[in-house]
Amino acid sequence: MISTDTCTNVNRRWFLKAAAVATVGGASIGSMPPVAAQQEPYLTGWFSDVSNYDGITDERGKARVTVEVGAEGNGGGFAFGPPAIRIDPGATVVWEWTGDGGSHNVVAEDGTYGSEMVATTGATFEHTFDTGGVSLYACTPHKAMGMKGAVLVGDVEVSVATPKPTPTPEPDYEYVPREPDYEGWFDDVDNFDGTVDMRGREEVRIQVGANGNSGGFALSPPAVTIDPGTRVIWEWVGDDGPHGFTATDREYTSPSQSTGEWGLVFDGVGISKYACEPHITNGMKGAIVVGDVFEGVYEVTTSQLAVFGSLGAAFLSPLAFGSFLWARDRHDE
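Everything in this summary refers to the structure shown in the same document. (Residues numbered from 1 in each chain as written. Predicted model: local features only at pLDDT ≥ 70, side-chain atom pairs only at ≥ 80, totals over all residues. Heavy atoms only, no water.)

**Comments concerning the sheet that holds strand 2 (residues 64–71)**
Note the cut-off: For two strands to be treated as a pair, DSSP must find no fewer than two bridges joining them. Numbering goes from the N terminus for both helices and strands, where a helix is a DSSP run of H or I of at least four residues and a strand is a run of E of at least two. The axes used here are C-alpha line fits, helices contributing only the stretch in contact, and every angle between their N-to-C directions lies in the interval 0 to 180 degrees.
Spatial strand order, 3-2-5-7: four strands in an open sheet with mixed pairing. The open sheet terminates on both sides in strands that have one partner only, identified here as strand 3 (79–81) and strand 7 (124–129). Across this sheet, the average inter-strand angle for adjacent strands is 25 degrees, counted without regard to direction. Alignment of strand 2 against strand 3, held across three bridges, turns out to be antiparallel. In the sheet register, Glu68 faces strand 3, and the bridge partner there is Gly81.

**Describing the pattern of salt bridges**
Where we set the bar: Basic side-chain nitrogens of Lys or Arg form a salt bridge, by our definition, when they fall within 4 Å of a carboxyl oxygen of Asp or Glu. Note on exposure labels: buried denotes an accessible area under 20% of the residue type's maximum, exposed denotes more than 50%, and partly exposed covers the range between, all computed with a 1.4 Å probe on protein chains only.
What the rule picks out here adds up to 14 salt bridges. The partner of Glu59 in a salt bridge is Lys62, and the shortest N-O contact between them spans 2.6 Å. A residue is classified by how much of its surface remains accessible, and Glu59, at 11% relative accessible area, is buried. Judged by its relative accessible area of 43%, Lys62 is partly exposed.

**Description of the pairing of strand 5 (residues 91–97)**
A large share of strand 5 lies buried, amounting to six of its seven residues. In this sheet, strand 5 lies alongside strand 2 in parallel orientation, the contact comprising six bridges. Opposite Arg64, over in strand 5, you have Thr92 as the bridge partner. Where strand 5 meets strand 7, six bridges bridge the pair, whose relative direction is antiparallel. Across the sheet, Val94 pairs through a bridge with Glu126, a residue of strand 7.

**So, a negative patch on the surface**
Inclusion rule: Residues enter a patch when their relative accessible area is above 30% and they make no salt bridge; the linking distance is 9 Å between like charges and 5 Å between nonpolar side chains (Val, Leu, Ile, Met, Phe, Trp, Tyr). Residue-level accessible areas treat just the shown protein chains as cover; the underlying method is Shrake-Rupley with a 1.4 Å probe. Working convention for charge: Lys and Arg count positive, Asp and Glu count negative, and His plus the chain ends are omitted. For charged residues, the charge sits on one atom: NZ in Lys, CZ in Arg, CG in Asp, CD in Glu.
Judged by side-chain charge, Glu68, Glu72, Glu96 and Asp100 come together as a negatively charged surface patch. Within the element layout of this structure, Glu68 appears in strand 2. Residue classification places Glu68 among the partly exposed positions, given a relative accessible area of 40%.

**Digging into the environment of Trp185**
Which entries qualify depends on this criterion: Contacts were defined at the residue level, with two residues in contact if any of their heavy atoms lie within 4.5 Å. By the criterion applied in these results, polar contacts are pairs of N or O atoms within 3.5 Å in which, for protein atoms, one can donate a hydrogen and the other can accept it, and in which residues neighboring in sequence qualify only through two side-chain atoms.
By the element assignment, Trp185 lies in the loop between strand 9 (148–153) and strand 10 (196–197). A C-alpha to C-alpha distance of 8.8 Å links Trp185 and Ala287, two positions 102 residues apart in sequence. With residues near it in sequence (within four places) discarded, Trp185 still touches Thr248, Lys273, Tyr274, Ala275, Ile280, Lys285 and Gly286. Polar side-chain contacts of Trp185 include one of 2.9 Å to the backbone oxygen of Gly286.

**With respect to the sheet that holds strand 12 (residues 218–220)**
Two pairing modes exist for strands in a sheet, parallel and antiparallel, and in both the strands are linked by backbone hydrogen bonds. An order of 12-11-14-16 is seen for the four strands of this open sheet, with the pairing classed as mixed. Whereas interior strands pair on both sides, the edge strands pair on one side only; in this sheet they are strand 12 and strand 16 (260–266). Adjacent strand axes in the sheet meet at a mean angle of 20 degrees, parallel and antiparallel pairs treated alike. Looking at chain direction, strand 11 (residues 203–210) and strand 14 (residues 230–236) are connected through six bridges and run parallel. Counted as the bridge partner of Arg205 is Ile233 from strand 14.

Shown next as structure tokens:
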């Protein structure tokens, strides 16, 4: 069994990510200063991870403008469509749910408006914008996936040039040649490609809240093999939290958080399965394989199995067993 006696001595490090918010996100829309230089950088960065953003849709001249909630984008029904619109002062924006991507809400960054969490197709939420400026909003649970939008009211100046996000390269993982038997533990984990071989390292890092399982509900990599005495550091990277995980045998439980790090040192030999219990049905599960779990296990070849099968059948047959005893007695004479 895996020993976690050293968990109280593990270096715990907590980080608060910088939450620098520009004026456009912190002031009410009625008091936003019409200074393009302040708004441009923040708006550009706001849409840097929104896959379906391709510019600002001009909806001026309309009293009511509809935006889809759960439009196709960001890996599924996790987008607003269109994400950026320009309207006249006094116009009303109506957000209409498509029913895709699960439950969503619409919440202004400055808190001036917000809907409930809704999953019903055809449900609507609306807000009237009376004063010129820029209003940023997002779906709270899927913001980290890029489900964000903006309403530009009037002729406010903003930059429409948006840098394309730099794709994160896939880690160059090496997988173990022989997979442990997880007994179906990873059957519903869509980012499980095998057990990553991380032996020979003093410290191993696993991301919590990585993209996977239809959102930021993945542990990456989900399964690793380490040497006894290796320190495992879990690093929270997503905004679909908070996440916290517990070993299936209850030997350890992490804090529930959205940012920061937490670690344990694993000794002994064995497999430790763990999961984020609030999101276990999403497939947010992992496993730490410590040491050689196959040590002492003898692999029998197919030909050997055939021979053993014949011997087993012989010993199970009274007639064959009698013949065996007679042959032995003859040999002894």
